[in-house]
Amino acid sequence: MSSYVGVLVSDQWLQSQFTQVELRSLNSKVYLNMQGQATGKLGGPKNSSSFLKASTTTLLHTISESEKASYVTHINIYLADDPFLKQFLPLDPATNDLFHLAKDGVLLCKLINVAVPGTIDERAINTKRVLNPWERNENHTLCLNSAKAIGCTVVNIGTQDLVEARPHLVLGLISQIIKIQLLADLNLKKTPQLVELVEDSNADVEELMGLAPEKVLLKWMNFHLNKAGYEKTVANFSSDVKDGKAYAYLLNVLAPEFCNPLTLDTKDPVERAKLVLDHAERMGCKRYLSPKDITEGSTNLNLAFVAQIFHERNGLSTDSKKISFAERMTDDVQISREERCFRLWINSLGIESYVNNVFEDVRTGWILLEVLDKVAPGSVNWKHASKPPIKFPFRKVENCNQVVKIGRQLKFSVVNLGGNDIVQGNKKLIVAFLWQLMRFNMLQLLKSLRSRSRGKEITDADIMNWANRKVKSTGRSTQIESFKDKSLSTGLFFLELLSAVEPRVVNWNLVTKGESDEEKRLNATYIISVARKLGCSIFLLPEDIMEVNQKMILTLTASIMYWCLQHAAEEGEVALSPANGNGSTYTSDTSPAPSISGEDERSSLCGEISSLTMDDAASDITVSSSQCENEDTEIATAESHA
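Here the structure is a predicted model, which is why all the values come from computation and not from measurement.

Rules used throughout
Residues numbered from 1 in each chain as written. Predicted model: local features only at pLDDT ≥ 70, side-chain atom pairs only at ≥ 80, totals over all residues. Heavy atoms only, no water. Helix = DSSP H or I, 4+ residues; strand = E, 2+ residues; numbered from the N terminus. Buried < 20%, exposed > 50% of the residue type's maximum accessible area, 1.4 Å probe, protein only. Areas by Shrake-Rupley, 256 points an atom, 1.4 Å probe, with all protein chains shown as cover. Contact = heavy atoms within 4.5 Å. Axes fitted to C-alpha atoms, helices over the stretch in contact; angles between N-to-C directions. Parallel < 35°, antiparallel > 145°, perpendicular 65-115°, else oblique. Left-handed = near helix turned anticlockwise from the far one by under 90°. Nonpolar A, V, L, I, M, F, W, Y, C, P; charged D, E, K, R; others polar. Phe/Tyr/Trp six-rings, centres within 6.5 Å; stacked < 30°, edge-to-face > 60°. Lys NZ or Arg CZ within 6 Å of the ring centre and 35° of its normal. Core = buried A, V, L, I, M, F, W, Y, C linked by side-chain atoms within 4.5 Å. Expected span 1.5 Å × (residues − 1). Salt bridge = Lys/Arg side-chain N within 4 Å of Asp/Glu carboxyl O. Polar contact = N/O pair within 3.5 Å; in protein donor to acceptor, adjacent residues only side chain to side chain. pLDDT = per-residue confidence, 0-100.

**Some thoughts on the overall build of the chain**
- A tally of helices and strands in the chain yields 29 helices and 0 strands.
- Put simply, the chain has 642 residues, and 53% of those count as buried.
- Per element, the accessible surface of the chain, about 27500 Å² overall, is 51% carbon and sulfur.

So this is what it looks like as structure tokens:
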């Protein structure tokens, strides 16, 4: 299913004049995603991320020339030495060079890797001078799935929109990518010195860990402004900084050696903004915005400016005792990786709330209810749910009790799990529940495709058997016995599986034998990028493949299976029904190329499904039983350690 990214332009008048449905009716291809306080079921302010989910996005296709110029400057600086792009850089911000270069998808993929290094294996990017339509589509599919994997809210954007380089959509996506880069260090894991912003209690540190990056940035800014004697509290990056005074105080306390007394004495806001930027430039901050951008309150550019100041000089203590305390709060690598996966998965579902930290944000129960309502529509009784902010603790417990009750109705293993465990933030129990929720969603998606043949309920064994048959159908002998099979660490089975579902997507010249850790890592990173390039929405890391993380291995295999069956179903629909109900030909945004595997996917869809015969029943029961036992044990073990 294609999606479209909304324009990051706020417009209060439009918000007051039209409902979401009325706005949707204004255009057959809608660029709308009304978020924030205007919608019905929402989390509290803590659970929103202003730059990832704008308070209102509208049909206005206007773009900010200042923002475009700033993003072009950023690209010219950070991608200047890229072996492929340097032939096209620097871009001229006064022209549309940015949009022309974005059409092939290479620029956006490279920009994602600047924001979060290693997200995309660049060997998977098609970088020929002239790309054919399939190759261009592959790059944009890889871009969109990778953007989701680093935390971008990709709503209402399809590969064709990027191929056409629609300016407001391209800038909206670039804006998110750049801000993720600029705010990457605004967490205790990357910058443990941030612990100075709070008291030494666990509760305060956990609250800080749960804040959105820009909220942490505001907290940091106000921390220094308070020390500098600034009497106001800065609550946003627009109206509260328009006069430039907050910037003057902030820079004076962080870099007093570059202080200019005239900055605060001048009466003209534009002149003050100019002096502020001169001060920032002398301390090493690149100039991305103009005095006018400050005085007009450009939220995106002002946020980027403050983030630059933080990176250049955060002015925080190097107290080793406090830093050690912060590091102890974030030292569970496995839990941290799983939190990341579940956070990105939840945010990709398109629920109203935005998750910044799973363990903090789910404690009210509201976000879990939203997810349950998304993956099992109608399961939530909203009349008995309380929306954040929640003053009374028992209301949180009520929400979480309903979460556990629904989980039990969905046949989840909830041994020793109570609503209060979620409210108290028991990480192991929350992870165990979220895994079952994610798995349920994945199996429901597969079931929706299999319902055409009235097949039996799909199980883990079905997924494994399908993968083994798919690989075997190409003449290869590699097979796996379970999702814990240690041979999976080499990555070769997944590369053979990807090649089986779409032969042209794997370049075997880039594949290693997977004998050393380095070779395994190369294969793992390549697998993830190839799967995303194909159209799979996955959130695992290379380490999950190398270490054969059973949960993540299952999600990867299921995602490939889902793409394959969906692609076959869509191909079949085109063959059987050349036009849809509107009289237009059906196309798939995510299909990189027609299958050239030598087998007819259209006719094999039902064959693949029906081939899951009674012979699989025993293994189905075995895997399903062991799965439940594992989940029972995991929750029970977690409870015993709580």
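**Re the environment of Leu91**
- Mapping Leu91 onto the fold places it in the loop between α3 (65-78) and α4 (97-102).
- Relative accessible area serves as the criterion here: at 7%, Leu91 is assigned to the buried category.
- Measuring from C-alpha to C-alpha, the distance between Leu91 and Val72 comes to 6.5 Å, with 19 residues separating the pair along the chain.
- Those residues in contact with Leu91, other than ones at most four positions away along the chain, are Val72, Ile75, Asn76, Asp97, Leu98 and Leu101.

**Considering unusual backbone geometry**
- Omega for the bond connecting Leu89 with Pro90 falls within 30 degrees of zero, at 5°, which places this linkage in the cis form.
- You can see Pro90 is positioned in the loop between α3 and α4.
- Omega for the peptide link from Pro388 to Pro389 comes to 0°, which places this bond in the cis form.
- Along the polypeptide, Pro389 turns up in the loop between α19 (366-375) and α20 (393-409).
- Phi at Lys411 takes a positive value of approximately 70°, unusual for a residue other than glycine.
- Within the secondary structure layout, Lys411 lies in the loop between α20 and α21 (419-423).

**Quick word on the packing of helix α24 (residues 492-501) against helix α25 (residues 517-534)**
- Running from N to C, α24 and α25 cross one another at 25°; their axes reach a closest spacing of 10 Å. Between α24 and α25, the angle is such that the two are roughly parallel. Pair α24 / α25 crosses with left-handed handedness. The residues of α25 that touch α24, namely those facing Leu492, Phe494, Leu495, Leu498 and Val501, are Asn523, Tyr526, Ile527, Val530, Ala531 and Leu534.
- Within the contact of α24 with α25, the residues separate by chemical class into 10 nonpolar, 1 polar and no charged.

**Some thoughts on the packing of aromatic side chains**
- For the structure on display, the rule yields 9 aromatic pairs.
- On the basis of an interplanar angle of 90° and a centroid distance of 5.0 Å, the ring pair of Tyr247 and Phe305 is categorised as edge-to-face. With Tyr247 in helix α11 (residues 245-254) and Phe305 in helix α15 (residues 299-312), the pair connects residues that are 58 residues apart, well separated along the chain.
- These aromatic residues form a ring-pair network of at least three members: Phe412, Phe433 and Phe440.
- One cation-aromatic arrangement involves Arg476 over Trp508; the distance from NZ or CZ to the ring centre is 4.6 Å.

**Section: the side chain of Ser529**
- If you trace the backbone, Ser529 turns up in helix α25.
- You can call Ser529 buried: its relative accessible area is 0%.
- Other than its neighbours up to four places away in sequence, Ser529 contacts Thr119, Ile120, Asp121, Ala124 and Leu142.

**A look at the environment of Leu194**
- Positionally, Leu194 belongs in the loop between α8 (167-182) and α9 (202-209).
- When the C-alpha atoms of Leu194 and Leu208 are compared, they prove to be 8.7 Å apart, with 14 residues separating the residues in sequence.
- Setting aside residues no more than four positions away along its own chain, Leu194 makes contact with Asp185, Leu186, Asn187, Leu188, Leu208, Val216, Phe310 and Leu316.

**Some thoughts on the nonpolar core**
- Among the nonpolar cores identified, the biggest contains 171 residues, and Leu217, Trp220 and Met221 are the most heavily contacted of them.
- Ranked by residue count, the leading element in this core is helix α22 (residues 427-450), at 13 residues.
- Those residues in contact with Leu217 that sit more than four places away from it in its chain are Leu183, Leu186, Phe237, Leu303, Val306, Ala307 and Phe310.

**Brief notes about α20**
- In a regular helix each residue adds 1.5 Å, so 17 residues correspond to 24 Å; α20 covers 25 Å between its end C-alpha atoms and thus fits that length.
- Along α20, the positions that sit buried rather than exposed are Asn399, Cys400, Gln402, Val403, Val404, Ile406 and Gly407.
- Of the residues flanking the end of α20, it is Lys411, one or two places downstream, whose phi is positive at about 70°.

**Quick notes on the pattern of salt bridges**
- Taken as a whole, this structure holds 22 salt bridges when the rule is applied.
- Glu65 is the partner of Lys68 in a salt bridge, and the nearest nitrogen-oxygen pair spans 3.4 Å. With Lys68 and Glu65 both in helix α3, this residue pair falls 3 residues apart, about one helical turn.
- Under the relative-accessibility criterion, Glu65 is labelled partly exposed at 48%.

**Here we look at helix α13 (residues 269-282)**
- The first and last C-alpha atoms of α13 sit 20 Å apart over 14 residues, in line with the 20 Å expected at 1.5 Å per residue.
- Looking only at α13, the buried set comprises Arg272, Ala273, Leu275, Val276, Leu277, His279 and Ala280.
- Buried positions along α13 lie against α11, α12 (262-265), α14 (291-295) and α15.
- Near the N-terminus of α13, the side chain that reaches the backbone nitrogen of Val270, with its oxygen 3.2 Å away, is that of Asp268.

**Observations concerning the side chain of Lys110**
- Position of Lys110 among the secondary structure elements: in helix α5 (residues 106-115).
- We classify Lys110 as buried; its relative accessible area is 7%.
- Those residues in contact with Lys110 that lie beyond four places of it in its chain are Leu79, Asp82, Phe84, Leu85 and Glu122.

**Some remarks on the confidence of the model for the chain**
- Scored by pLDDT, the chain comes out at a mean of 80, with 76% of its residues at no less than 70.
- Segment residues 1-60: pLDDT under 50, and 149 contacts once partners within four positions in sequence are set aside and those in other chains are kept.
- Here residues 574-629 is a poorly scored stretch, pLDDT under 50, and it has 87 contacts once near neighbours within four places are set aside; other chains count.

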